[in-house]
Amino acid sequence: MKSSPVNRGSSMKILTVIGARPQFIKAIALSVAAARSGDVEEILLHTGQHYDDNMSEVFFRDLGLPQPKYRFNIGGGSHGEMTGKQLIAIEEALVQEKPDVLLVYGDTNSTLAGALAAAKMHIPVAHVEAGLRSFNKRMPEELNRILTDHVSRWLFAPTQTAVDNLKREAVSGAEVHLVGDVMYDVAKLFIDNPRHRTAIAETLGVQRGKYAVATIHRQENTDVPERLLAILGALAEHTKHQPVILPIHPRTAKMVRQNPQADALLSQITTIDPVGFFDMATLLSGAALAITDSGGLQKEAYFHRVPCVTVRDETEWVELIDMGWNRLPEKLEKDSILSAITQARIPEGPDPAPYGQGNAADEILKVLRG
Ligand code: UD1
């Protein structure tokens, strides 16, 4: 597609809004590419949506992400409260900085707040990870991504499926570019550099290929007791076959503390505090299986050639289902989840590399610079 570059002479100023764990990871790829370019100035703004050290700072340390120029403290509370406060704060930063481009990643409340603040000030918005759809509007993320796509000028789609979704919605006034997935750019930092492997598996006493790694944090799973019990029940049952390591998200920990049945199941699983990028990559790459409701982890499992079961009703990353790397349980019930776990295996078919070549960040900058 023909691109309309930012036209500002020799340099371009991008203000990037991040706030939640996966965004600190995604941001490093473009941040490095921008610094290397010599003619792109990137300013990071951290909304504070995630604020614990092991949900935020650890990723800056692990990946060498520059410290944000703007750092707010807007996490927790209801969706409206969080998004609204972020909108106000981001608008003030935009007034100060007058960037050429506002760049956002993914589908969190920080994504929507950033996109909306900029669009209303007529600052063009670049949305990285555009076009993903679960077709489930009860998910806060689905609303965030649809609305962000519809106020953006550049839609950087990670997959052909995402491009097709955007075409179907006929998003007006935007350019759609298939650039691949920035998560693959970042996963390669680990895959190509064995020195980043940590000692976490040894510390936990698990052997390569003989354990499962799990993560659960989606509101539709943690905040609905039957679903939480079904997932934890399946994980607890699976520990009869192999250890299950669960780095526990603060939301999940909070909901389990309020539910004695869930707490009893959790005690059968090896839970650890949330871990940094390289610890997680080490754990995941050595696992026999991933069980998750995270979008990012589904793909990271595939990048590390680990089969995955996604404990959700649907997934945005349908390529992984088609290729056989990922499975959805028939129902979000304990037996269905266990049956998907039993069926999970490394598929034999061809690998069409649906997430690109690991150069998405360079492709994005190329479009923006024209
Ligand atoms: C958010 C995103 C989700 C993304 C996920 C990654 C939205 C709507 N959802 O979900 O798309 O997959 O981040 O992790 O934006 N909390 C802490 N400490 C922290 C972070 C959060 O205690 O460092 C608590 C919050 O106060 C809140 C709960 O965890 O009570 C959930 O945090 P929130 O940012 O609302 O949503 P996530 O589930 O993390």
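Residues numbered from 1 in each chain as written. Predicted model: local features only at pLDDT ≥ 70, side-chain atom pairs only at ≥ 80, totals over all residues. Heavy atoms only, no water.

J.: What is the right way to read the overall build of the protein chain from this model?
T.: Tallying secondary structure elements over the protein chain gives 17 helices and 13 strands in all. A compact globule built from 370 residues should have a C-alpha radius of gyration of about 21 Å, and the protein chain, at 20 Å, falls within 12% of that. Principal-axis analysis of the C-alpha atoms gives the protein chain an extent of 65 × 45 × 40 Å. Across the 370 residues that make up the protein chain, the buried fraction comes to 59%. Taking all contacts inside the protein chain whose residues are at least 6 apart in sequence as the whole, residues at least 24 apart take part in 71%. As displayed, the protein chain offers around 15500 Å² of accessible surface, 51% of which is attributable to carbon and sulfur atoms. (Helix = DSSP H or I, 4+ residues; strand = E, 2+ residues; numbered from the N terminus. Rg over C-alpha atoms; globule rule 2.2 N^0.38 Å. Buried < 20%, exposed > 50% of the residue type's maximum accessible area, 1.4 Å probe, protein only. Contact = heavy atoms within 4.5 Å. Areas by Shrake-Rupley, 256 points an atom, 1.4 Å probe, with all protein chains shown as cover.)

J.: Looking at this structure, I do not really get the sheet that holds strand S7 (residues 175–178). What am I missing?
T.: Working definition: the strands of a sheet are paired by backbone hydrogen bonds and lie parallel or antiparallel to each other. With parallel pairing, seven strands are arranged side by side in an open sheet as S3-S2-S1-S4-S5-S6-S7. Both outer strands of the open sheet, strand S3 (70–71) and S7, are each paired with one neighbouring strand and no more. Contacts from helix H4 (residues 109–120) reach strand S1 (12–18), strand S4 (101–105) and strand S5 (125–128) within the one sheet, and its direction differs from that of S4 by about 160°. (Pairing = 2+ DSSP bridges. Axes fitted to C-alpha atoms, helices over the stretch in contact; angles between N-to-C directions.)

J.: Before we go on, may I ask you to explain helix H16 (residues 334–343) in this structure?
T.: Working note: α-helix, 3.6 residues per turn, so residues spaced by three or four point in the same direction. Regarding H16, the residues found buried are Ser336, Ile337, Leu338, Ala340 and Ile341. Those residues of H16 that are buried are in contact with helix H10 (225–238), strand S11 (289–292), strand S12 (308–310) and strand S13 (326–327).

J.: What is the right way to read the nonpolar core from this model?
T.: As a rule of thumb, soluble globular proteins bury nonpolar side chains together. Among the nonpolar cores identified, the biggest contains 57 residues, and Leu103, Phe156, Ile364 and Leu368 are the most heavily contacted of them. The element best represented in this core is helix H1 (residues 21–37), accounting for eight residues. Counting 31 residues, the second largest nonpolar core, distinct from the first, contains Val244, Leu246, Ile291 and Ile337. (Core = buried A, V, L, I, M, F, W, Y, C linked by side-chain atoms within 4.5 Å.)

J.: How do you make sense of the packing of helix H7 (residues 182–191) against helix H14 (residues 295–303) when you look at a structure like this?
T.: Packed helices, taken two at a time, are described by their axes: the angle between them and the distance between them. Packing of H7 against H14 brings their axes to within 10 Å, and their N-to-C directions diverge by 45°. In terms of orientation, H7 and H14 fall into the oblique class. Relative to H14, the crossing made by H7 is right-handed. For the pair H7 and H14, contact is made by Met183, Tyr184, Ala187 and Ile191 and by Gly296, Lys299, Glu300 and Phe303, respectively. In terms of residue class, the contact of H7 with H14 is made up of five nonpolar, one polar and two charged. (Parallel < 35°, antiparallel > 145°, perpendicular 65-115°, else oblique. Left-handed = near helix turned anticlockwise from the far one by under 90°. Nonpolar A, V, L, I, M, F, W, Y, C, P; charged D, E, K, R; others polar.)

J.: I keep staring at the site of the ligand and nothing clicks. Help me out?
T.: Close to the ligand lie 21 residues, the nearest being Gln49, His50, Tyr51, Asp52 and Asn109. For the ligand, an oxygen atom lies 2.7 Å from a polar atom in the side chain of tyrosine 51. In the environment of the ligand, an oxygen atom lies 2.8 Å from a nitrogen or oxygen atom belonging to the backbone of aspartate 52. Going through the elements one at a time, helix H3 (79–97), helix H5 (140–151) and helix H11 (250–257) are the ones with two or more residues in the shell around the ligand. Taken together, the residues that form the shell around the ligand break down as seven nonpolar, nine polar and five charged. Here the shell around the ligand spans two domains, and each of domain 1 (12–181 + 356–369) and domain 2 (194–343) adds at least three residues to it. (Near = heavy atom within 4 Å. Polar contact = N/O pair within 3.5 Å; in protein donor to acceptor, adjacent residues only side chain to side chain. Domains from an automatic or database assignment.)

J.: Looking at this model, I keep getting lost on the packing of helix H13 (residues 277–285) against H14. Mind explaining?
T.: Axis separation between H13 and H14 bottoms out at 10 Å; the angle between their running directions is 55°. Between H13 and H14, the crossing angle belongs to the class labelled oblique. In the packing of H13 onto H14, the handedness of the crossing is right-handed. Facing Phe277, Met280 and Leu284 of H13, the residues of H14 in contact are Leu297, Glu300 and Ala301. Looking at the contact of H13 with H14, its residues break down into five nonpolar, no polar and one charged.

J.: Sorry, what's going on with the pattern of salt bridges here?
T.: Working definition: two side chains of opposite charge can pair if their charged atoms are close together. Counted according to the given criterion, the structure contains 24 salt bridges. Salt-bridge contacts for arginine 36 lead to aspartate 362; the nearest nitrogen and oxygen are separated by 2.9 Å. With arginine 36 in helix H1 and aspartate 362 in helix H17 (residues 360–369), this residue pair connects regions lying 326 residues apart in the sequence. In this structure, arginine 312 and glutamate 316 form a salt bridge, with 2.9 Å as the shortest nitrogen-oxygen distance. The buried category is assigned to arginine 312, whose relative accessible area is 0%. (Salt bridge = Lys/Arg side-chain N within 4 Å of Asp/Glu carboxyl O.)

J.: Mind showing me how you'd approach H5 here?
T.: Between its first and last C-alpha atoms H5 spans 17 Å; for 12 residues at 1.5 Å apiece the expected length is 16 Å, and the two agree. For H5, the full list of buried residues reads Pro140, Glu141, Glu142, Asn144, Arg145, Ile146, Thr148 and Asp149. (Expected span 1.5 Å × (residues − 1).)

J.: What exactly am I supposed to notice about the sheet that holds strand S9 (residues 244–247) here?
T.: The six strands are arranged S10-S9-S8-S11-S12-S13 in an open sheet whose pairing can be described as parallel. On the outer flanks of this sheet lie strand S10 (270–272) and S13, each paired with one strand and no other. Here S12 runs beside S13; their pairing, made up of two bridges, is parallel. Its bridge partner lying in S13, valine 309 is registered against arginine 327.

J.: In this structure, what is going on with unusual backbone geometry? I would like to understand it.
T.: Excluding glycine, residues mostly carry a negative phi; peptide bonds, for their part, are mostly trans. With phi around 45°, lysine 98 is a residue other than glycine that occupies positive phi space. Along the chain, lysine 98 falls in the loop between H3 and S4. The backbone of alanine 353 sits at a positive phi, close to 45°, despite the residue not being glycine. Mapped onto the secondary structure, alanine 353 falls in the loop between H16 and H17. Judged by relative accessible area, alanine 353 falls into the partly exposed class, the value being 35%.

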